[in-house]
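What the coordinates show
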Amino acid sequence: MKKIAFILFAVMALGMATTASAKKVVTPKMYIFGMAASFNDSIIYFTNIQELNNVWVEKKHKELDVRALYSQQLREYLKKQGLKNRTCIVVANTKRAKLEKKFLKMKKLYTQSKDGKVHFDVKYLGNQDFEFKTIDMSGYYTPENTATEE
């Protein structure tokens, strides 16, 4: 009986914790790059590091909000180029130097291997090819879950 009560309490506590929403703020500048890969071929696409202005972030950790919508932008661009079924990710940071380190680390992962062979064909999308667009989320957030940036 005590186990059942404990499990019910844990489920209720978890439910309450997940319903509390994180505060969202607009940060004046954030840097972002994207990467796309497919399980059907060995071509990996990287975008340049780009600067986005006035993006929504989660206040406490400064993480890019609606990250999936930014990766969707890259996926849609590649789909228009005839490259379907790509898995796209975006990496973002408010500090360009930190993002450059992450970019180089990911690039090295796909361009250098321990056995000296290159297993992936890495292609780069310049800003003239693809550019992320800032997503305005101001109409989706209520005053209760937004805050001013300090």
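**Focus on the confidence of the model for the chain**
Taken over all residues, the pLDDT of the chain has a mean of 81, while the share at 70 or more is 79%. In this model residues 16-20 is a low-confidence stretch, pLDDT under 50, and it forms 0 contacts with partners more than four residues away in sequence or in other chains.

**Topic: the nonpolar core**
Core analysis: the biggest nonpolar cluster contains 23 residues, and Ile32, Tyr70, Leu74, Leu78 and Phe132 have the highest contact counts within it. The residues contacting Tyr70, other than those within four sequence positions of it, are Ile32, Leu52, Val55, Leu64, Asp65, Val90, Phe132, Lys133, Thr134 and Ile135.

**Quick notes on the environment of Val25**
Position of Val25 among the secondary structure elements: in strand β1 (residues 24-37). When the C-alpha positions of Val25 and Ser138 are compared, they lie 9.5 Å apart, and in sequence the two are 113 residues distant.

**So, the packing of aromatic side chains**
Scanning all chains against the criterion turns up 8 aromatic pairs. Centre to centre, the rings of Tyr110 and Phe120 are 5.2 Å apart; their planes meet at 85 degrees, and the pair counts as edge-to-face. Here Tyr110, found in helix α3 (residues 96-111), pairs with Phe120, found in the loop between α3 and β6 (121-125); they are 10 residues apart in sequence, far enough to count as distant. Site record: aromatic cluster; members linked through ring pairs are Phe33, Phe46, Phe103, Tyr110, Phe120 and Tyr124.

**Focus on the pattern of salt bridges**
Applying the stated criterion across every chain, the model contains 2 salt bridges. For Asp41, the salt bridge identified is with Arg86, shortest N-O distance 2.7 Å. Note that Asp41 is positioned in the loop between β1 and β2 (43-47) and Arg86 in the loop between α2 (67-80) and β5 (87-93), a separation of 45 residues in sequence. On the accessibility criterion, Asp41 (32% relative accessible area) is partly exposed. Salt-bridge contacts for Arg96 lead to Glu100; the nearest nitrogen and oxygen are separated by 2.9 Å. Highlighted residues: Arg96 and Glu100, both in helix α3, separated by 4 residues, approximately one helical turn. Look at Arg96 and you get partly exposed, because its relative accessible area is 36%. Relative accessible area serves as the criterion here: at 33%, Glu100 is assigned to the partly exposed category.

Calculation rules
- Residues numbered from 1 in each chain as written.
- Predicted model: local features only at pLDDT ≥ 70, side-chain atom pairs only at ≥ 80, totals over all residues.
- Heavy atoms only, no water.
- pLDDT = per-residue confidence, 0-100.
- Contact = heavy atoms within 4.5 Å.
- Core = buried A, V, L, I, M, F, W, Y, C linked by side-chain atoms within 4.5 Å.
- Buried < 20%, exposed > 50% of the residue type's maximum accessible area, 1.4 Å probe, protein only.
- Helix = DSSP H or I, 4+ residues; strand = E, 2+ residues; numbered from the N terminus.
- Phe/Tyr/Trp six-rings, centres within 6.5 Å; stacked < 30°, edge-to-face > 60°.
- Salt bridge = Lys/Arg side-chain N within 4 Å of Asp/Glu carboxyl O.

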